[in-house]
Amino acid sequence: MGAAQSAERPVRRVAIEPPPYTTLDEKFDAVQISHGKISSITRGVSSSRDLSTVSASRVQEYIVDILKDAKNQLSLAALSKNNINAVLERPSTIVADRQVFNVSIPQEIAPVTNQRASGRCWIFAATNVFRIALSKKYRVDKFELSQAYLFFWDKVEKANYFLETTLLTADQDIDSRLVSTLTSSPVGDGGQWDMLVNLVSKYGLVPQSLYPDSFNAKASRPMDSLITTKLRQDALILRALQNKGASVSDIAEAKQRMMQDIVRILTITLGPPPPADKPFTWEYYDSKKSQRSVTMTPLEFAAPIEVKKYFSLINDPRNEYGQLLTVDLLGNVWQGQPITYVNVDRHILKSACVAMLKAGQPIFFGSDVGKQSDSSYGIMDTDLIDYELGFDIKLGLTKAQRLQTGESAMTHAMVLTAVHLDSDGKPVRWRVENSWSDTVGTDGYFVMSDKWMDEFVYQAVVHPDAVSKDVRDILKQKPKVLPLWDPMGALA
């Protein structure tokens, strides 16, 4: 809205002398910080501008002040020459986190697996869960499923999924956030539970002895890089065909040639997998050292798992509890089962995990494994590393704030096999089967404190019998759709 125009008055012009020349650092030094207040003391320099950039002289003052404290001098001597996390670990926490549990699954199957230099933790965690049921059926105590088999088919399906999403989003700018996110990692090694459901439901499972890891399964980065480059090139071709109005058949033929190229790369780098639709013969020794043999298809072999019965609970305090969530355009099998999460309070998630373990079932779970953890000791505990002791700083982000700022997300999938409950039935610590070989932790197993679970565990895959009807009914809701770049879209 306009204001009334003021009457004109004569302007008095006053000569202004230019201020004496001063350097930028001298201007910063003209500002004092006292009791939390900033005030300028010379030549009327604006205090808010003085602290908007870095002053070398002021930083030097900070350093001199910091090193007046003998504690900081000790920290400098210790932390400048060593891994800061290792130096600041609390010995009392290491002693307290013992591998002692009063609720556990009946048997942990050997060997401890090793994903090596690949991002296949979700496949390893899932197959470590699946082999428990199959070991009972076939009476074996040492047994491993082929992770490479699921890895092969996941790459094929992700390539197809990416090309389909390329066609779906061809009308959007190539530098839009959605298209940029889709092209950032079209065939990354990571995945989610519902992706496993899609793969096992379509392709089944095979023993590892029938399809062991190739070099590129164990060190997947060069293969992934090649496939990613090829798919980005193909995406530009498909976008151009779609946008110039090419026929459906022309687009389909172009995409078929592209998929053939991807299958060629995968066959040469991973090796040809056992056919998904034909029987295989598996010869093995059972726990009594008797020789056995079975012949069946991969789908028949996977049937005892009943993989479709299980679903994901998550604890995401940014979103309303009691709500079904999904993530836009996140998946591997086109038109397959979508990614779905039942968002619940952490107490419900942990209660379901306890119920699963009491029923003798291991649990696939997703967490941020790099926070407050030590792989040599095999410990995950919020009290493990004392940053305040070393640096005199306090870190107090909540779980929601860590998600909101990108500080945390699901980075790794592992398996829960035991829990220790106190006299009131509340969890104290959890036993975790990892997939980093038996050289880490305690023969490959970790201890996770219950506080760490509260802060850094986001997902647990459970059977419907482990939760109440109210929780099961959440699966009937129309899901809230999160964008592809949401932290819940992270692939473990």
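Everything numeric here is computed off the predicted structure, so don't read it as measured data.

Quick notes on the rules
Residues numbered from 1 in each chain as written. Predicted model: local features only at pLDDT ≥ 70, side-chain atom pairs only at ≥ 80, totals over all residues. Heavy atoms only, no water. Axes fitted to C-alpha atoms, helices over the stretch in contact; angles between N-to-C directions. Helix = DSSP H or I, 4+ residues; strand = E, 2+ residues; numbered from the N terminus. Parallel < 35°, antiparallel > 145°, perpendicular 65-115°, else oblique. Contact = heavy atoms within 4.5 Å. Nonpolar A, V, L, I, M, F, W, Y, C, P; charged D, E, K, R; others polar. UniProt positions renumbered as here; feature names shortened; annotations may be inferred. Buried < 20%, exposed > 50% of the residue type's maximum accessible area, 1.4 Å probe, protein only. Polar contact = N/O pair within 3.5 Å; in protein donor to acceptor, adjacent residues only side chain to side chain. Left-handed = near helix turned anticlockwise from the far one by under 90°. Core = buried A, V, L, I, M, F, W, Y, C linked by side-chain atoms within 4.5 Å. Phe/Tyr/Trp six-rings, centres within 6.5 Å; stacked < 30°, edge-to-face > 60°.

Before we move on, could you go through the packing of helix 12 (residues 221-243) against helix 13 (residues 248-270) and cite the residues and values that matter?
Packing of helix 12 against helix 13 brings their axes to within 10 Å, and their N-to-C directions diverge by 175°. Relative to helix 13, the element helix 12 lies roughly antiparallel. Packed against helix 12, whose contacting residues are M223, L226, I227, K230, L231, D234, I237, L238, L241 and Q242, the element helix 13 presents I251, A254, K255, M258, D261, I262, I265, L266, T269 and L270 at the interface. Classifying every residue of the contact of helix 12 with helix 13 gives 14 nonpolar, two polar and four charged.

Please set out the UniProt feature "active site" (unreviewed entry) in the chain residue by residue, giving values where relevant.
When the UniProt feature table is mapped onto this chain numbering, "active site" (unreviewed entry) sits at C121, H412 and N434. The named residues occupy 314 residues along the chain; their greatest pairwise C-alpha distance, 9.5 Å, places them in one compact cluster. Looking at where H412 falls in the secondary structure, it is placed in strand 12 (residues 412-421). In this structure, N434 sits in the loop between strand 13 (427-433) and strand 14 (445-449). Looking at N434, the relative accessible area reads 1%, which means it is buried. Discounting chain neighbours no more than four positions away, the residues touching N434 are V112, T113, N128, H412, M414, G444 and F446. Within the structure, the side chain of N434 is placed 2.8 Å from the side chain of H412, a separation counted as a polar contact.

I'd love a proper account of the packing of helix 8 (residues 147-168) against helix 13, names of residues and values included.
Helix packing geometry: the angle between the two helix axes and the distance between the axes. At their nearest, the axes of helix 8 and helix 13 sit 10 Å apart, and the two run at 155° to each other. With respect to each other, helix 8 and helix 13 are oriented roughly antiparallel. As for the relative orientation of helix 8 and helix 13, their crossing is right-handed in sense. Contacts from F151, F152, K155, V156, A159, N160, L163, E164 and L167 in helix 8 reach I251, K255, M258, M259, I262, V263, L266, T267 and L270 in helix 13.

Account for the nonpolar core, with residues named and values stated.
F130, W193, L205, F301, L313, F364 and M448 are the most contacted members of the largest nonpolar core, which has 119 residues in total. Of all the elements, helix 8 adds the most residues to this core, at 11 residues. When near neighbours in sequence (up to four residues on either side) are disregarded, M448 contacts F365, M380, L416, R429, W430, V432, M453 and V457. Formed by six residues, the second largest nonpolar core is a distinct cluster that contains L79, L88, I94 and I379.

I'd love a proper account of unusual backbone geometry, names of residues and values included.
Following A110, the chain continues to P111 via a peptide bond in cis, the omega torsion being -5°. Turning to its location among the elements, P111 is positioned in the loop between strand 3 (103-104) and helix 7 (121-138). For L329, which is not a glycine, the phi torsion comes out positive at approximately 55°. You will see that D443, though not glycine, has its phi angle at about 55°, which is positive. Counting through the fold element by element, D443 comes out in the loop between strand 13 and strand 14.

How would you explain the packing of aromatic side chains if you had to name every residue and give the values?
Inspection of every chain in the model, using the stated rule, returns 14 aromatic pairs. Note on W436 and F446: the rings are 6.0 Å apart at their centroids and 80° apart in plane angle, and the pair reads as edge-to-face. One end of the pair, W436, is in the loop between strand 13 and strand 14; the other, F446, is in strand 14, with 10 residues separating them in the sequence. Its relative accessible area of 1% is what places F446 among the buried residues. Following the ring pairs from residue to residue traces out a cluster consisting of Y138, F143, F280, W282, Y284 and F301.

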